[in-house]
Amino acid sequence: MRGVRDTVLAPLISEKGAMLAESSNQVIFKVRPDANKIEIRKEVETLFKVTVLDVRTARYLGKMRRVGRNTGRLPLWKKAIVTLKEGDRIDFFGVG
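Quick caveat: nothing in here was measured; it's all calculated off a predicted structure.

Reading the values: the criteria
- Residues numbered from 1 in each chain as written.
- Predicted model: local features only at pLDDT ≥ 70, side-chain atom pairs only at ≥ 80, totals over all residues.
- Heavy atoms only, no water.
- Helix = DSSP H or I, 4+ residues; strand = E, 2+ residues; numbered from the N terminus.
- Polar contact = N/O pair within 3.5 Å; in protein donor to acceptor, adjacent residues only side chain to side chain.
- Phe/Tyr/Trp six-rings, centres within 6.5 Å; stacked < 30°, edge-to-face > 60°.
- Buried < 20%, exposed > 50% of the residue type's maximum accessible area, 1.4 Å probe, protein only.
- Core = buried A, V, L, I, M, F, W, Y, C linked by side-chain atoms within 4.5 Å.
- Contact = heavy atoms within 4.5 Å.
- Pairing = 2+ DSSP bridges.
- Axes fitted to C-alpha atoms, helices over the stretch in contact; angles between N-to-C directions.

> Kindly report on the environment of Glu-43, identifying the contributing residues and their values.
Considering the arrangement of structural elements, one finds Glu-43 in helix α2 (residues 37-48). Between the C-alpha atom of Glu-43 and that of Val-8, which follows or precedes it by 35 residues, the distance is 7.1 Å. Of the polar contacts made by the side chain of Glu-43, one reaches the backbone nitrogen of Val-8; its length is 3.1 Å.

This is the structure in structure tokens:
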């Protein structure tokens, strides 16, 4: 059984994430591949003390990598785009 802090792995910091945060109050997280939307919602609300309105997820296959003759695959991962209530904010850099 997973604990409270096992679903959300890390925030994804990118230009697209910054634009979403400014324009539509959304935050992007890297989450466990087997996590569902309900688990993601509960964990974000408990960790950051915000109200989550919507969670959208996307699954990604790991890229193929090669070392010499040997080929392998990076692990698959999942991205969650979390929409926050108007007025709530998650600030990862402490700026502002």
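> I'd love a proper account of the packing of aromatic side chains, names of residues and values included.
Summed over the entire model, instances satisfying the criterion amount to two aromatic pairs. Both rings, one in Phe-29 and one in Phe-48, keep their centres 5.7 Å apart while their planes meet at 25 degrees; by these two values the pair is stacked. One end of the pair, Phe-29, is in strand β2 (residues 26-31); the other, Phe-48, is in helix α2, and 19 residues separate them in sequence. Exposure remark for Phe-29: the relative accessible area of 1% places this residue in the buried category. Centre to centre, the rings of Tyr-60 and Trp-77 are 4.6 Å apart; their planes meet at 15 degrees, and the pair counts as stacked. Linking Tyr-60 in strand β3 (residues 52-60) with Trp-77 in strand β6 (residues 77-84), this pair joins segments that are 17 residues apart in sequence.

> Summarise the nonpolar core; cite the residues concerned and give the values.
Core analysis: the biggest nonpolar cluster contains 14 residues, and Phe-29, Ile-40, Val-44, Val-82, Leu-84 and Ile-90 have the highest contact counts within it. Those elements giving two or more residues to this core turn out to be β2, α2, β3 and β6. The contacts of Phe-29, once residues within four sequence positions are left out, are Val-8, Ala-10, Pro-11, Leu-12, Val-44, Phe-48, Lys-78, Lys-79, Ala-80, Val-82, Ile-90 and Phe-92.

> Please provide a residue-by-residue account of the sheet that holds strand β1 (residues 8-11), values included.
Pairing within the open sheet is antiparallel, and its four strands lie in the order β1-β2-β6-β3. Of all the strands in the sheet, just β1 and β3 have a single pairing partner and so form its edges. Strand after strand, the sheet turns through a mean of 30 degrees between neighbouring axes, direction not considered. Pairing of β1 with β2, which is carried by three bridges, proceeds in the antiparallel orientation. Bridging across to β2, Ala-10 finds its partner in Lys-30. Against the sheet, helix α1 (residues 15-24) makes contact with β2 and β6, and its axis sits at roughly 140 degrees relative to β2, the strand it touches most. Packed on one face of the sheet, α2 meets β1, β2, β3 and β6 and runs near 125 degrees to β3.

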